[in-house]
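Below, each chain spelled out in residue letters.
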Amino acid sequence: MKSKNLTNGSIMGNIVSFSLPYLLSYFLQTLYGLADLFVVGQYCGVSSITAVSIGSQVMHMVTVIVVGLAMGTTVTTAQSVGANDVARTKRVVGNTVTLFMVFSLLMAAGLVGWVGDIVSLMSTPVEAATETTSYLTICFIGIPFIVAYNIIASIYRGMGDSKSPMYFIAIACVVNVLLDYLLIGYFDMGAAGAAWATTLSQTVSVVVALIAMNRGDSGIRISRSDLKPQRAVMGKILNIGVPVALQDGFVQVGFIIITIIANQRGLNDAAAVGIVEKIIGILFLIPSSMLSTVSTVSAQNLGAGKLDRAIRTLWYANCIVIGFGTFFSIIMQIFPEKAVGLFTDDPQVIVQGCQYLQGYVWDCVFAGIHFCFSGFFCACGWSIISFIHNAVSIVVARVPLAYLASIMYPTTLFPMGLATVTGSVVSVIICVGVFVWMKKHRKFVV
C-alpha cells in the first residue's frame with residue numbers, strides 16, 4: 001500500500017488517474033446488484049425480481065452509510081498524506097480499524113433483529129415478502145465484511161491509491177456472478193441465492209485485501225498504540241464522516257420513500273422502479289467517482305496548503321459530470337426500452353420503467369454538480385454542508401413532489417422521475433451559494 005502524491009503535476013491528469021480506477025470499482029460494485037437482478041430475472045418470476053430490487057435497495061442504503069462514514073477516514077488520511085505526516089496517518093488508520101470493527105458488529109446485530117419491521121416498512125408486496133426477508137437476513141449477517149471492505153478501500157484511497165480497491169472488487173465480482181448462476185440457476189434458491197452470492201463474494205474481497213495489505217510496502221506499520229482510541233483522531237474522522245453518512249442515509253431514505261410510493265401502486269410499478277434504480281446506479285458512477293475524487297485530491301492539496309489547486313479540481317470535475325450527464329440523458333430519451341429490457345421481458349414493466357427512466361435520468365446532470373461540491377466541502381472539513389443541502393432538497397422537493405406526482409398521475413411514472421431532478425436543482429442552488437460565501441470569507445478549511 002503505497003501513498004501517491006496528488007499535490008503536484010497536472011490537475012486533470014490527477015483527476016483522471018485517480019477517478020478511472022475508482023469509476024471501475026464503482027462499476028464492479030454496482031454489478032453485484034445488477035448481476036443478482038439479471039440472473040434472477042432469467043430464472044425466476046416477478047416476485048423474486050421485486051424481492052431482490054427491494055432488498056438490494058435497503059442494502060445499498062446500508063452501504064452508502066458505511067461509505068459515508070468511511071469518507072472521514074479518506075479525507076483525514078489524505079490531509080495527513082498531503083502534509084507528509086506519517087505519524088498522524090498511522091493514528092488515523094489504527095483508530096479507523098478500532099472504530100469500525102465495533103460499529104459493524106453492532107449494526108449487523110441490530111438489523112438482523114429488525115428485518116421483519118424493515119420489510120413491512122418498505123410496503124413490500126405480499127407476494128415478495130418472504131423472499132425479501134430471506135434476502136435481507138443473509139445480507140445483514142454479512143455486514144461486517146461489507147464494512148471491512150469499504151474501510152480498507154477508504155484507507156487506500158486516502159493515500160492516493162485507487163487501483164488496489166479496484167482489483168479487490170474485481171475478484172469479488174467474478175465470484176459473485178459465478179455464485180449467482182450456481183445458486184440461482186442451478187440450485188433454484190431464488191432471492192436467497194442472490195443474497196448468499198453477494199455475501200460470500202464480499203467476504204472473498206476482504207480476505208484478498210487483507211493479504212495484499214499485509215504484503216504491501218507503504219512505509220506505514222500500525223502498532224498497538226495506533227489502535228488505541230484517541231479522542232482527537234476519532235473525533236475528526238466522525239466530524240467528517242457522520243454528516244456524510246447522515247446525508248447519504250437521508251438521500252436513501254428519500255428514495256426508499258419513493259420506492260414505497262411505487263410499491264403501493266402495485267407489483268409492476270414496484271418492479272419498474274427497482275429496475276430503473278439499477279440503471280441509474282450505473283449512470284451515477286461518474287458523479288459518484290467525481291465526489292470521491294474531488295474529496296481526496298482536494299484534501300491532499302489543502303493539506304499541502306495549495307488552495308488554488310483544490311478549487312480548480314472542483315471546477316474540472318464539474319465540467320466532466322455536466323458533459324457526461326447531458327449526453328446520457330439525451331440517449332435515454334431515445335432508447336429507454338433498450339436499457340429497461342435488459343432486466344425483464346414483461347411488457348407492462350418495460351412501459352412503466354421507460355416512463356420513470358426518461359424523467360429520472362436528468363438527475364445525472366444536477367446530481368453530478370452537487371456531488372462535486374459535496375466532495376469539495378468534505379475535503380475542507382465542512383461535510384455538514386453536504387448533509388444540509390441534501391436534507392433540504394429531500395424535504396422541500398424530492399419526496400413531496402414524488403408523492404403529488406403519484407397521486408395526480410396514477411397511470412404514468414414519468415412525473416415521479418422528474419421529482420428527483422427538482423430535488424437536485426435545489427441542492428445545486430444551495431451549494432453554489434455556500435461556495436460563494438466560503439470564497440468571500442476565506443472559510444475553506446476547518
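Residues numbered from 1 in each chain as written. Predicted model: local features only at pLDDT ≥ 70, side-chain atom pairs only at ≥ 80, totals over all residues. Heavy atoms only, no water.

Draft legend 1. A look at the nonpolar core. Counting 122 residues, the largest nonpolar core has Tyr135, Leu136, Phe140, Ile143, Leu357 and Phe376 as the members making the most contacts within it. No other element matches helix H2 (residues 46-82), which puts 15 residues into this core. The next biggest cluster of nonpolar side chains, apart from the first, holds 11 residues, and it includes Leu28, Ile152, Tyr156 and Ala209. (Core = buried A, V, L, I, M, F, W, Y, C linked by side-chain atoms within 4.5 Å. Buried < 20%, exposed > 50% of the residue type's maximum accessible area, 1.4 Å probe, protein only. Helix = DSSP H or I, 4+ residues; strand = E, 2+ residues; numbered from the N terminus.)

Draft legend 2. Here's a closer look at the packing of aromatic side chains. Counted by the stated rule, this structure contains 13 aromatic pairs. Look at Tyr156 and Phe168: their rings are 5.6 Å apart centre to centre, the planes differ by 65°, and that puts the pair in the edge-to-face class. One end of the pair, Tyr156, is in helix H6 (residues 143-158); the other, Phe168, is in helix H7 (residues 163-186), with 12 residues separating them in the sequence. Between Phe373 and Phe435, the aromatic rings sit 5.9 Å apart at their centres with planes inclined by 70°, giving edge-to-face as the arrangement. Taken together, the positions of Phe373 in helix H16 (residues 363-380) and Phe435 in helix H18 (residues 414-441) put the pair 62 residues apart, joining distant regions of the chain. Each member of the pair Phe373 and Phe435 is classed as buried. (Phe/Tyr/Trp six-rings, centres within 6.5 Å; stacked < 30°, edge-to-face > 60°.)

Draft legend 3. View of helix H10 (residues 231-263). Between the first and last C-alpha of H10 there are 44 Å, a value that for 33 residues agrees with the 48 Å anticipated at 1.5 Å per step. Largest kink in H10: about 25°, centred on Leu238. (Expected span 1.5 Å × (residues − 1). Bend = angle between axes of the 7 residues up to and from the residue.)

Draft legend 4. Broad picture of H2. Helix length check: H2 (37 residues) gives 51 Å between terminal C-alpha atoms against 54 Å at 1.5 Å per residue, within 8%. A bend of about 30° at Ala70 is the largest found in H2. Counting buried residues in H2 gives 32 out of 37 residues, a clear majority hidden from the surface. Directly beyond the C-terminal end of H2, a positive phi value near 60° is found at Asn84.

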